[in-house]
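Okay, here's what each chain looks like letter by letter:
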Amino acid sequence: AAAFTVGLGFGLQEIFANFVAGLIILFEQPIRLGDTVTVANTSGTVSKIRIRATTITDFNRKELIIPNKEFIIGQLVNWSLSDRLLRLQIPVGVSYGTDSRKVEKILYEVAKRHPSVVDEPEPRIIFHNLGDSALEFDVRVFIRDLEIFPVVRSQIMHDVYEALNREGVTIPFPQQDLYIKEIPEISGLPKVKN
């Protein structure tokens, strides 16, 4: 009986912890229905909040039931708690010798033209590095919804690629030069020097 009571106590401890965490969630509201969150390496939209557990619908439309304790003691990212704006950052590299001001102008026009990009805060183009094989820029824009994040990123990347091609701007790829000073002698072949 004592062992059973101890086992029951340990089992109820988790249930009680989730119950208390559920009350904290309901009163403090670190998450609400419809919020986009990341908890315990799981991202999705909060679809149900219950006393013991919360249901998150992930981006593949699977429902994940997560104990409420995870929202209180674990790391929680609420992407839409006070502001639904999200920053989208797209790296772009162009060949050395390209007019950097011209590239900045092209990228800004592409970013500003996209219908899902908000006007405030306005798009920013940052020339941030003289890389090994490219002049490196970042296109930074804000959009209103995480759901459209990958689609908007893809569309802007297509637009950037087309705009740079139209203007004759080359996007480089990493290259390496290999110099062979001496080829070792292979049996039966004469030694070759370069």
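Anyway, here's the lowdown on the structure attached to this text.

## Overview of the pattern of salt bridges
- In total, this model carries five salt bridges according to the counting rule given.
- In this structure, Arg-32 and Asp-35 form a salt bridge, with 3.4 Å as the shortest nitrogen-oxygen distance.
- Across the pair Lys-112 and Asp-119 runs a salt bridge whose closest N-O atoms are separated by 3.9 Å.
- Exposure remark for Asp-119: the relative accessible area of 55% places this residue in the exposed category.

## Section: the pairing of strand β2 (residues 42-49)
- As paired elements, strand β1 (residues 36-39) and β2 share four bridges and run antiparallel to each other. By the bridge assignment, Val-39 is partnered in β2 with Thr-42.
- In this structure, β2 lies alongside strand β3 (residues 53-57), joined through four bridges in antiparallel fashion. If you follow Lys-48 over to β3, its bridge partner there is Thr-55.

## Examining the nonpolar core
- Membership of the largest hydrophobic core comes to 24 residues, with the highest contact counts inside it found for Val-92, Val-94, Leu-107, Val-139 and Ile-156.
- Elements with a minimum of two residues in this core: β6 (86-94), α3 (100-113), β8 (135-143) and α4 (149-166).
- When neighbours within four sequence positions are excluded, Val-94 is seen to be in contact with Val-103, Ala-134, Leu-135, Phe-137, Leu-164, Val-169, Thr-170 and Pro-172.
- By size, the runner-up hydrophobic cluster in this structure holds nine residues, among which are Ile-31, Ile-56, Ile-66 and Phe-71.

## Description of the environment of Leu-107
- Among the secondary structure elements, Leu-107 is positioned in helix α3.
- Taking C-alpha positions, Leu-107 is 9.5 Å from Pro-123, a pair spaced 16 residues apart along the chain.
- Not counting residues up to four positions away in its chain, the partners in contact with Leu-107 are Val-92, Ile-125, Phe-137, Val-139 and Val-160.

## Some remarks on the sheet that holds β6
- Pairing is antiparallel across the open sheet formed by three strands, whose spatial order is β6-β8-β7. Two strands in the sheet have a free side with no partner beyond their single neighbour: β6 and β7 (124-130). If you compare each strand with its neighbour and ignore which way they point, the axes differ by 25 degrees on average.
- Bridge count between β7 and β8: six bridges; the pairing is antiparallel.

The rules behind each value
Residues numbered from 1 in each chain as written. Predicted model: local features only at pLDDT ≥ 70, side-chain atom pairs only at ≥ 80, totals over all residues. Heavy atoms only, no water. Salt bridge = Lys/Arg side-chain N within 4 Å of Asp/Glu carboxyl O. Buried < 20%, exposed > 50% of the residue type's maximum accessible area, 1.4 Å probe, protein only. Pairing = 2+ DSSP bridges. Helix = DSSP H or I, 4+ residues; strand = E, 2+ residues; numbered from the N terminus. Core = buried A, V, L, I, M, F, W, Y, C linked by side-chain atoms within 4.5 Å. Contact = heavy atoms within 4.5 Å. Axes fitted to C-alpha atoms, helices over the stretch in contact; angles between N-to-C directions.

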